[in-house]
There are 2 protein chains.
Amino acid sequence: MTGRRADLLHDKIEDLILTGELVPGERLDEVSLATRFGVSRTPIREALMQLAASGLIDLRPRRGAIVAEIGPKRMVEMFEVMAELEAICARLAARRATESDEAQICAHHQACAAAAAASDEDAYYYENEAFHEAIDAAAHQEFLSDQTRALRRRLKPYRRLQLRARGRVQNSFDEHEAVVRAILAHDAEAAAEAMRAHIVVQGERFTDLLASLETPRGARAR
Amino acid sequence: MTGRRADLLHDKIEDLILTGELVPGERLDEVSLATRFGVSRTPIREALMQLAASGLIDLRPRRGAIVAEIGPKRMVEMFEVMAELEAICARLAARRATESDEAQICAHHQACAAAAAASDEDAYYYENEAFHEAIDAAAHQEFLSDQTRALRRRLKPYRRLQLRARGRVQNSFDEHEAVVRAILAHDAEAAAEAMRAHIVVQGERFTDLLASLETPRGARAR
DNA sequence: ATACAAATTCTTGTATACAACTTTATTGAC
DNA sequence: GTCAATAAAGTTGTATACAAGAATTTGTAT
C-alpha cells in the first residue's frame, strides 16, 4: 500500500471514465467527487492533475475539469502514432530478442490462440495486451516501452470496443502470427511492417465504428 | 494571466533545474521552496506533481521529490525515440507539406544559415528549434506534434549543451540542408532517413560528451 | 568505539478554512 | 418579452492546521 489516497483515487476516477460512467464533456466537480469517495478535496485535486497529465481529462484554470473529448480526428492520429511506436518495438525485438524473450512472446501468442479458439473476447483482450507487452520488453528499450505503454493505456477503452467487431479476433490473431514469424526469423523490417499493419487496421476498424455510431452533436436540448 | 500561481511556479522550478541550480539527485523540500517563492506548500505541491508528470523530477511517496537523475542509458534511449519521432514528422512533411509550410521551413532554415555564418550558437539554438517545429507543423499530425514537442522540451538542456561541441553548428546545418532538400523533393523516405541521422548524431555527440565528463559517483563525502 | 533501540524531530499527506473568480439568478429598463 | 446590469451562489485556488510516516539523534549495552 502506498499510503497515498490520491493514487487510489486516480485509478478510481480513471475507471469511472473508462467504463463510461463519466462521459466525455462531463464536468468533474471536486466536492462531488470528494464526498463520493469520502475524502477531502485535496487528494481529489491531486488525482485530477495526474489525470490531466495523462490526457484523460482537460483542466481549465479556474473553470474545473471535464472528461476529455477526443474527437475522431485526434483518435485516428493517436492510433497512427501508436502504430509507429509499436512498429519500432517490433523492429527492435526482431533484432534483440533473447531466447527467453521469444519464449515469452510465443507463450502469450499461444494464449491468444486459445482465447480466439474459445471465442472468449475478454480473455483475448487480456492476452493480447500481454502479447504486446512481451514484444515491448523484447525491444530492450525502456524509454520506448514506457512511451508505448502510456499510449496503449490511453487507447485501451477504444481497442476493447473495436475487438467486438465481427471476426476481428480471428483477424487480429492472424496478424499476430505474421509479427511472431518475422520476429523469430529476426527479420526487422518485416516485423515492423507487420506490426504497423496490425495497429493501423485497428485504427481503421475504429473509424468505421465511429462512422456507424456518429452521434448528432448537441443532442441535449435546453 | 492564468491566475494560477502553481503554473508560474512550475516554470520557475523548471528553470532552477534546467539551469543547473538544482542538480540531479537533489532533494526538493516543499517548505524551502514555499518560503523561497513566498507562497504556501499547496501550489508548490501542484507544481511538483506537474514536473513529476513530465519526468523532470521523481516523486517518491512519503519521501519527497528529487531532481530526476537521468542516466546515460536512458538519455541515449530518449534520443533514439526522439530520432524516430522526428523522422516520422519529416516523412509526413515530405508527403503533406503545403507551399506555405515549405516557405516556413525554408525561412527558418535560412535563419539557421545566418546564425551559423555568424557563429552565434544561441541564435542557432533558437532558430534550430523553430526549424524543427516548422517541420512538425508541416506533418499535419497534431498528436504526433504534441508528443514530439514534449520530448524535445525534455531533451532541451542536453541539446543545448552538445551544440557547444566543436564544429557541431556547421554539421547540424548541413544535416538540415539534406532534410530540407528531401522535403522539397517530396521524397518521404529520404526525409525520414536524413532526419533520423540528424538526431542520432546528436545523441552520439551527447554520449561522447558524457564519456568525457564522467563524474565519479558519490563525490560528496560524509 | 560500535551497534542497536527508542524517542525526538522533520517532512509529507490530508483536512479544513478562507479568498478570488465564474457562473447563474434576479431585477430593472427599454 | 428581451436584454443588460447587478447581486447571489457556487466553484476553484491558496493558506493553514493537523495527522501520520521517515529520518535523525540520543542513549545504552556490548
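Cut-off values and rules
Residues numbered from 1 in each chain as written. Chains lettered and ligands numbered in written order. Predicted model: local features only at pLDDT ≥ 70, side-chain atom pairs only at ≥ 80, totals over all residues. Heavy atoms only, no water. pLDDT = per-residue confidence, 0-100. Contact = heavy atoms within 4.5 Å. Near = heavy atom within 4 Å. Polar contact = N/O pair within 3.5 Å; in protein donor to acceptor, adjacent residues only side chain to side chain. Helix = DSSP H or I, 4+ residues; strand = E, 2+ residues; numbered from the N terminus. Nonpolar A, V, L, I, M, F, W, Y, C, P; charged D, E, K, R; others polar. Axes fitted to C-alpha atoms, helices over the stretch in contact; angles between N-to-C directions. Parallel < 35°, antiparallel > 145°, perpendicular 65-115°, else oblique. Left-handed = near helix turned anticlockwise from the far one by under 90°. Least-squares fit on C-alpha atoms with pLDDT ≥ 70 in both.

Moving on to the confidence of the model for chain A. Of the residues in chain A, 94% reach a pLDDT of 70 or more, and the chain-wide mean stands at 90. Between residues 216-222 of chain A, whose pLDDT stays under 50, and residues either more than four places distant or in other chains, the model counts 1 contact.

Among the 20 residues in the neighbourhood of DNA strand C, the closest are listed as Arg5, Ser40, Thr42 and Arg63 of chain A together with Arg45 of chain B. Looking at DNA strand C alone, sugar and phosphate atoms form 69% of those within 4 Å of the protein. Arg63 of chain A is positioned with one of its side-chain polar atoms (N or O) 2.4 Å from a phosphate oxygen of DNA strand C. One of the side-chain nitrogen or oxygen atoms of Arg27 of chain B is found 3.4 Å away from a sugar or linking oxygen of DNA strand C. Secondary-structure elements contributing two or more residues to the surface near DNA strand C are α1 (5-18) and α3 (41-53) of chain A together with β1 (27-28) and α3 (41-53) of chain B. In terms of residues, the surface near DNA strand C owes the most to one element, α3 of chain A, which gives 3 residues.

Take the protein's contact with DNA strand D next. The immediate surroundings of DNA strand D are formed by 20 residues, with Arg45 of chain A together with Arg5, Ser40, Thr42 and Arg63 of chain B found nearest. Protein-adjacent atoms of DNA strand D, using a 4 Å cutoff, are sugar or phosphate at a proportion of 70%. Here a phosphate oxygen of DNA strand D sits 3.0 Å away from a polar atom, N or O, in the main chain of Arg62 of chain A. For the surface near DNA strand D, the elements supplying multiple residues, two or more each, are β1 (27-28) and α3 of chain A together with α1 (5-18) and α3 of chain B. Considering every element that reaches the surface near DNA strand D, the biggest residue donor is α3 of chain B, with 3 residues. The residue inventory of the surface near DNA strand D, partitioned by class, reads 5 nonpolar, 4 polar and 11 charged.

All names here are of chain A. α3 packs onto α1 with a crossing angle of 60° between their chain directions and a minimal axis gap of 8 Å. Classified by the interaxial angle, the pair formed by α1 and α3 is oblique. Between α1 and α3 lies a crossing of right-handed hand. In this structure, α1 contributes Ala6, Asp7, Leu9, His10, Ile13 and Glu14 to the contact, and α3 contributes Pro43, Ile44, Glu46, Ala47, Leu48, Gln50 and Leu51. Here the residues of the contact of α1 with α3 are counted per class, giving 8 nonpolar, 2 polar and 3 charged.

Residues and elements named next belong to chain B. Even without glycine at this site, Arg62 takes up a positive phi of about 65°. Along the chain, Arg62 turns up in the loop between β2 (57-60) and β3 (64-67). Not every positive phi belongs to a glycine, and His186 is a case in point at roughly 55°. For His186, the location among the structural elements is in the loop between α8 (168-184) and α9 (188-213).

Attention now goes to the relation of the copies chain A and chain B. Relating the two copies of this chain is a rotation about some axis coupled with a shift parallel to it. When chain A is fitted to chain B, the residual RMSD is 0.1 Å, and the transformation amounts to a turn of 180° plus an axial shift of 0.0 Å. Such values leave the two copies arranged in the relation of a two-fold axis. Judged by C-alpha distance, Ala53 of chain A is the residue of chain A that lies nearest the rotation axis, at 3.1 Å. Mapped onto chain B, 100% of the interface residues of chain A again fall at the interface, so both copies present the same surface.

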